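# Examination of the molecular architecture
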Amino acid sequence: MPEKATWADISVVGIPRSLLYYRFGVLWTTFFESLGRSVVVSDATDKAIADRGEHLSVDECCLASKVFMGHVDSLIGRCDAVFIPSYPTADHRTGFCTKFQSVTDVARNTFRDQKLEVISCEVGNVRKLRDVRRPFEELGVRMGATRAEARSAFKAAWAAQAARDKALAETQERTLRQLVTQRRAAATHPETEPPLGILVVAHPYITHDAYLAGAVLDALRDMGATVVFADAIDHDRAYKKSFEFSDTMPWLINRELIGAILLTEDKIDGIVLISAFPCGPDSMTDDAIMRYIQGKPILNLMIDAQSGTAGVETRVESFVDILHFQQKGGYTHG
């Protein structure tokens, strides 16, 4: 039986600028725009959004989940419906934290008194095109499109997301090549200080949210470090590389981050791990990373709703100072 066009009257779709928006936002936005809908993305995270999200959430939620609720709240009255997809665990190597499976229902219940319209779809294995295409085509049909129109919209969305991911990966590769070239040049000119490359390892919704991780990135750059983003390293290469670390790692994004570390560790000088308290997957993988990666300095930062920036900046500055000292031969590794 074909899906009914239960969401055909929705012309303006709201998308929270949080969580998996930083991974799949181009796909989502392009899909709805290709169906002829207008898309409103919530504003960048600020204190008001973060505080509102914390008020709407239970204490046990991680900081990123709380911020997400603040973004949903900020879209009320600005759109006809908010798009909140569900990403359950497809298999034991391409899963997501359970919050990505439950977030649709949590949002619907949190905002039930406001009668917030939530549209959604359940996405399977994100590494397989057909497992992503099917739910989006069904979503398009429910929004009044024909099956062919929905398929065409998804094709455009998939291509746009792939192009964006490729561009980001190529940027990281260029940065890494520049680091290698600059180090070689500095080696032949003792008066030239070699560049300092630091790999920032965090979920994209932490790394690229200026309210959450901006102080860390600003501090690194202010001290002259070149930042490489682990989440932007080629996803397929990182995924395959991650099996050298673990065959049973259940979370896809953590697996890709770990693979990115293994792909880049010989080209960077240090690693900064950033986690949002109390992230369950990170609590397991960060400790394992620090035990597994030998001979490469690692700074592990945990951010929460109560964090100020002064302490973070001090730790980053100390870490960079140590790396500079090591470059000058101050430390040796056994």
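Up top is the structure.
Described below are features of the structure shown in this document. Since this is a predicted model, take the numbers as computed values, not measurements.

Quick notes on the rules
- Residues numbered from 1 in each chain as written.
- Predicted model: local features only at pLDDT ≥ 70, side-chain atom pairs only at ≥ 80, totals over all residues.
- Heavy atoms only, no water.
- Helix = DSSP H or I, 4+ residues; strand = E, 2+ residues; numbered from the N terminus.
- Buried < 20%, exposed > 50% of the residue type's maximum accessible area, 1.4 Å probe, protein only.
- Contact = heavy atoms within 4.5 Å.
- Polar contact = N/O pair within 3.5 Å; in protein donor to acceptor, adjacent residues only side chain to side chain.
- Phe/Tyr/Trp six-rings, centres within 6.5 Å; stacked < 30°, edge-to-face > 60°.
- 1 Å grid on protein atoms, 1.4 Å probe; cavity = no way out; pocket = protein on both sides within 12 Å on 5 of 7 lines; lining within 4 Å.
- Points joined across faces, edges and corners; volume = space filled by probe spheres on them.
- Nonpolar A, V, L, I, M, F, W, Y, C, P; charged D, E, K, R; others polar.
- Expected span 1.5 Å × (residues − 1).
- Pairing = 2+ DSSP bridges.
- Axes fitted to C-alpha atoms, helices over the stretch in contact; angles between N-to-C directions.
- Core = buried A, V, L, I, M, F, W, Y, C linked by side-chain atoms within 4.5 Å.

So, on to the environment of Thr45. With respect to the secondary-structure elements, Thr45 resides in the loop between strand E2 (38-41) and helix H2 (47-56). For Thr45, a relative accessible area of 10% corresponds to the buried category. The spatial distance from the C-alpha of Thr45 to the C-alpha of Phe68 is 9.2 Å, given a sequence separation of 23 residues. Excluding residues within four positions of it along the chain, Thr45 makes contact with Arg17, Val67, His71, Asp209 and Tyr211. Of the polar contacts made by the side chain of Thr45, one reaches the side chain of His71; its length is 2.7 Å. One polar contact links Thr45 to Asp209, side chain to side chain, over a distance of 2.6 Å.

This part covers the packing of aromatic side chains. In this structure the tally under the stated criterion is 15 aromatic pairs. Each ring, one from Phe31 and one from Phe32, has its centre 5.5 Å from the other, and the planes form 70°; the classification is edge-to-face. For the residue pair Phe31 and Phe32, the accessibility class agrees, reading buried in each case. When the ring of Phe96 is compared with that of Phe100, the centres are 5.8 Å apart and the planes differ by 80°; the resulting orientation is edge-to-face. Judged by relative accessible area, Phe96 falls into the buried class, the value being 5%. Look at Phe100 and you get buried, because its relative accessible area is 5%. The structure contains a cluster of three or more aromatic residues connected by ring pairs, namely Phe24, Trp28, Phe31, Phe32, Phe83, Tyr87, Phe96, Phe100, Phe136, Phe154, Trp158 and Tyr205.

Time to look at unusual backbone geometry. At the junction of Phe277 and Pro278, the peptide bond is cis and its omega measures out at -10° in the coordinates. By the element assignment, Pro278 lies in the loop between strand E7 (270-276) and helix H11 (280-292). One non-glycine residue, Lys115, adopts positive backbone phi at about 55°. Along the chain, the position of Lys115 falls in the loop between helix H4 (99-110) and strand E4 (118-119). Residue classification places Lys115 among the exposed residues on the basis of a relative accessible area of 73%.

Quick look at the layout of surface pockets now. Estimated volume of the largest pocket: approximately 470 Å³. Taken together, 22 residues form the lining of the largest pocket, with Arg23, Val126, Trp158, Asp165 and His235 sitting closest to its centre. For the lining of the largest pocket, the secondary-structure elements that each account for two or more residues are helix H1 (21-34), helix H5 (129-142), helix H6 (147-187) and helix H9 (235-241). Counting residues per element, the lining of the largest pocket draws most heavily on H6, which supplies six residues. Residues belonging to the lining of the largest pocket are distributed by class as follows: 13 nonpolar, two polar and seven charged.

So, on to H6. Between its terminal C-alpha atoms H6 stretches 60 Å, which fits the 60 Å expected from 41 residues at 1.5 Å a residue. Residues Ala150, Ala153, Phe154, Ala157, Gln161, Asp165, Ala169, Gln172, Thr175, Leu176, Leu179 and Ala186 constitute the buried set of H6. In the core, the buried residues of H6 are packed alongside H1, H5, strand E5 (196-201), strand E6 (225-229), H9 and helix H10 (252-264).

This brings us to the sheet that holds strand E3 (residues 81-83). Overall, parallel pairing links the four strands, which are arranged E2-E1-E3-E4 in an open sheet. Strand pairing shows two members of the sheet lacking a second neighbour, E2 and E4, which therefore form its edges. In terms of strand pairing, E3 meets E4 through two bridges, oriented parallel. Opposite Phe83, over in E4, you have Ile119 as the bridge partner. Each of strand E1 (12-15), E2, E3 and E4 touches H1; the most contacted strand, E1, lies at about 175° to it.

Now for the nonpolar core. Ranked by size, the top nonpolar core spans 104 residues in total, and within it Trp28, Phe32, Phe83, Tyr87, Phe136, Ile206 and Leu220 carry the most contacts. The element contributing the most residues to this core is H10, with eight residues. Excluding residues within four positions of it along the chain, Leu220 makes contact with Ile198, Val200, Ala225, Val227, Val272, Val316 and Val320.

Before going further, it helps to spend a moment on the sheet that holds E7. Read across the open sheet, the four strands follow the order E6-E5-E7-E8; overall the sheet is parallel. Each end of this open sheet is capped by a strand with a single partner; those strands are E6 and strand E8 (298-303). Recorded for the sheet is a direction-independent mean angle of 25° between the axes of neighbouring strands. The pairing of E5 with E6 spans five bridges and is classified as parallel. What sits directly across from Val200, in E6, is Phe229. On top of the sheet, helix H8 (residues 210-222) reaches E5, E6, E7 and E8; it is set at about 140° to E6, its chief contact. Seen against the sheet, H10 touches E5 and E7 and runs at an angle of roughly 165° to E5.

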